[in-house]
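Listed here are the chains, written in short residue letters.
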Amino acid sequence: MGQVLANTFAPTPPPNVDTNASDQDRATALWNVVNVVTADFDAAGTPDNTSRFMMYIAWHEGDRLTQRIQQQGGGVTGPARSFFQIQGASAQTAYNSSSMTDTRLSTLAGFTGQTVDAIEAGFQALTSSASFPDGNLIATLLEQSDIFGAYVARALLWTFKAPLPQPAIPPVALYQPQADYWFQYWHGGAGDADTLKQQFKDHCAQVDPLLPPPSV
């Protein structure tokens, strides 16, 4: 595209989550981030429900918003980055989504202080591998910028054919549709379904009280 650094009137993103803050402060910080994203992607849809589902994913995948790098135990790290635990192939899918428009790439350039060309080159260097190439900019931005991670996560959700499940009102202990959707589409359907879905539901129940009530 030949676009230069998009920071003349760069938007100011909400602050990153402080992983050492309280549960409430971590949840509030990411809620502010995802609301910026869903206000962009879902203005004509249901931004509150999308924000809430993104919070469920991030709270679960990111160990209650304390880990932006995949932890595999024993001090071993995996390839996934951001609180949403996005792998290289998934980031490539998000980039190829019809939702990742030139305007949104420019927005991300403004948010991160990168050029659109650099961001596009980073995405285009990705492959079908879960791992990111050494020194890949997308991996770095996913790890360092919560707004970037949330944009990529929302673009990835955009590629799923099934609509997001609607929230239960009140949501307490009624997270089965959310767990089913997460397991099939985000997690990929591998592993002990009952155990993994229960873990996801438990995390939904943890973070929901830290969020504003669902809009009806």
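How each quantity is defined
- Residues numbered from 1 in each chain as written.
- Predicted model: local features only at pLDDT ≥ 70, side-chain atom pairs only at ≥ 80, totals over all residues.
- Heavy atoms only, no water.
- Helix = DSSP H or I, 4+ residues; strand = E, 2+ residues; numbered from the N terminus.
- Buried < 20%, exposed > 50% of the residue type's maximum accessible area, 1.4 Å probe, protein only.
- Arc of directions from axis to C-beta.
- Contact = heavy atoms within 4.5 Å.
- Pairing = 2+ DSSP bridges.

A. Up close: unusual backbone geometry. Located in the positive-phi region is Ser 82, a residue other than glycine, with phi close to 80°. Within the element layout of this structure, Ser 82 appears in the loop between strand 2 (77-81) and helix 3 (88-96). You can call Ser 82 buried: its relative accessible area is 2%. The phi angle at Gln 85 is positive, at roughly 55°, despite the residue not being glycine. Take Gln 85: its relative accessible area is 13%, and that puts it in the buried class.

B. Looking closely at helix 5 (residues 116-124). Considered for burial, the residues of helix 5 that qualify are Val 116, Ile 119, Glu 120, Gly 122 and Phe 123. Viewed end-on, helix 5 has its buried residues packed into an arc of 160°, placing them on one side of the element. Looking at the packing, one finds that the buried side of helix 5 touches helix 3, helix 4 (102-112), helix 6 (137-144) and helix 7 (146-158).

C. Layout of the pairing of strand 2. Burial within strand 2 is extensive, with four of its five residues counted as buried. The sheet contact formed by strand 1 (residues 69-71) and strand 2 spans two bridges and is antiparallel. The residue of strand 2 that forms the bridge with Gln 71 is Thr 77. Hairpin remark: strand 1 followed by strand 2, antiparallel, with five residues in the connecting loop; positive phi at Gly 73, about 90°.

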